[in-house]
Amino acid sequence: MKITLFGATGLIGGSAMREALSRGHEVTVALRDRGKASLLPDGVQVAEADAASVDDVARVAAGQDLVISATRPPEGHERLLVVMAQALLRGTCQAGSRLLLVGGAGSLRVPSSGLLVIEDEAYLPPQYRPIAQACSDQLAVCQADRKTSWTYASPPALIAPGDRTGTYRLGEDDLVVDEAGVSRISAEDFAVALLDEAEQPCHLRRRFTAAY
């Protein structure tokens, strides 16, 4: 499979890149700044592109089976997520490739309370609400799209570097929690879930989440 990846220098994007390479996929990393290419492993191709540009997205998506985007804007620029979602949808649609967009957990429903994660301080401290709201708006942009083959992936409440066990549980609009009410996964196992969806699409024009 030919995959273009935005956000490869971040936690989730980097894990997705390594997982894709380990499965033998052909990975092109899209970077706004080619100077960061030195941070990438051998075996990837590099293209200069901005996820907020429709033309750039269409160019690096051309001839690819899938575009994965796991970008995160700097603090204070959270609304860029919406702009990038619009560009990614339009660009991949023009190129005829699928889009797997990694978003946020804020719009997931907490099973125990019925609240959304963004409304429940037990899962989301107030200081993280701006990015959570931007991710919710990002999802709404996807849900309004009727032309692109998109999938939206929401991480659980907690995601951090850890072990690759190859195990996870899937959900859709509800937060996946364990017996203690904890919603977590390693970045490595979230990448497994992402690449499993990439290889065998089960959530076209839908959202999914994965946790232990």
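That block above? That's the structure.
Scope of this entry: the structure provided in the associated data block. (Residues numbered from 1 in each chain as written. Predicted model: local features only at pLDDT ≥ 70, side-chain atom pairs only at ≥ 80, totals over all residues. Heavy atoms only, no water.)

## Brief notes about the nonpolar core
And then number 1: Core analysis: the biggest nonpolar cluster contains 26 residues, and Met17, Val29, Leu40, Leu100, Phe190, Leu194 and Leu195 have the highest contact counts within it.
And then number 2: Elements with a minimum of two residues in this core: strand E1 (2-6), helix H1 (11-22), strand E2 (26-31), strand E4 (66-69), strand E5 (98-102), helix H5 (187-199) and strand E10 (206-211).
And then number 3: By residue number, the principal contributor to this core is H5, which donates five residues.
And then number 4: In this view, Phe190 contacts Ile12, Val102, Ala153, Ser154, Pro155, Pro156, Ile159, Ile185 and Ala210; residues no more than four positions away in its chain are not counted. (Core = buried A, V, L, I, M, F, W, Y, C linked by side-chain atoms within 4.5 Å. Buried < 20%, exposed > 50% of the residue type's maximum accessible area, 1.4 Å probe, protein only. Helix = DSSP H or I, 4+ residues; strand = E, 2+ residues; numbered from the N terminus. Contact = heavy atoms within 4.5 Å.)

## Observations concerning the packing of H1 against H5
And then number 1: With their axes 8 Å apart at the nearest point, H1 and H5 run at an angle of 60 degrees to one another. Relative to H5, the element H1 is oriented oblique. Between H1 and H5 lies a crossing of right-handed hand. Of H5, the residues touching H1 (which contributes Leu11, Ile12, Ser15, Ala16, Glu19 and Ala20) are Ala187, Glu188, Phe190, Ala191, Val192, Leu194 and Leu195.
And then number 2: Residue classes in the contact of H1 with H5 are distributed as 10 nonpolar, one polar and two charged. (Axes fitted to C-alpha atoms, helices over the stretch in contact; angles between N-to-C directions. Parallel < 35°, antiparallel > 145°, perpendicular 65-115°, else oblique. Left-handed = near helix turned anticlockwise from the far one by under 90°. Nonpolar A, V, L, I, M, F, W, Y, C, P; charged D, E, K, R; others polar.)

## Considering H5
And then number 1: Over its 13 residues, H5 extends 18 Å from the first C-alpha to the last, a length consistent with the 18 Å expected when each residue adds 1.5 Å.
And then number 2: Among the residues of H5, Ala187, Asp189, Phe190, Ala191, Val192, Ala193, Leu194, Leu195, Glu197 and Ala198 are the ones counted as buried. (Expected span 1.5 Å × (residues − 1).)

## Regarding helix H3 (residues 80-95)
Side chains of residues three or four places apart in an α-helix project in the same direction, reflecting 3.6 residues per turn.
And then number 1: End to end, H3 covers 22 Å across 16 residues, agreeing with the expected 22 Å (1.5 Å per residue, within 8%).
And then number 2: Within H3, the full set of buried residues consists of Leu81, Val82, Met84, Ala85, Ala87, Leu88, Leu89, Gly91 and Thr92.
And then number 3: Backbone geometry just after H3 places Gly96 at a positive phi near 75 degrees.

## A few points about the environment of Asp178
And then number 1: Take Asp178: it is sitting in the loop between strand E8 (169-171) and strand E9 (184-186).
And then number 2: For Asp178, a relative accessible area of 23% corresponds to the partly exposed category.
And then number 3: Remark: the alpha-carbon pair of Asp178 and Ala211, spanning 33 residues in sequence, is separated by 8.5 Å.
And then number 4: Those residues within four positions of Asp178 in sequence are excluded, and the remaining contacts are Arg169 and Tyr212.
And then number 5: A polar atom in the side chain of Asp178 sits 3.0 Å from the backbone nitrogen of Ala180. (Polar contact = N/O pair within 3.5 Å; in protein donor to acceptor, adjacent residues only side chain to side chain.)

## Structural notes on the layout of surface pockets
And then number 1: Each pocket or cavity is described by its volume, and for the largest pocket that value is around 990 Å³.
And then number 2: Taken together, 42 residues make up the lining of the largest pocket; nearest its centre are Ala70, Thr71, Arg72, Pro73 and Ile131.
And then number 3: For the lining of the largest pocket, the secondary-structure elements that each account for two or more residues are H1, E2, H3, helix H4 (129-144) and strand E7 (158-160).
And then number 4: By residue class, the composition of the lining of the largest pocket is 29 nonpolar, eight polar and five charged.
And then number 5: When its volume is computed, the second largest pocket comes out at roughly 160 Å³.
And then number 6: Tallied by class, the residues present in the lining of the second largest pocket amount to five nonpolar, one polar and three charged. (1 Å grid on protein atoms, 1.4 Å probe; cavity = no way out; pocket = protein on both sides within 12 Å on 5 of 7 lines; lining within 4 Å. Points joined across faces, edges and corners; volume = space filled by probe spheres on them.)

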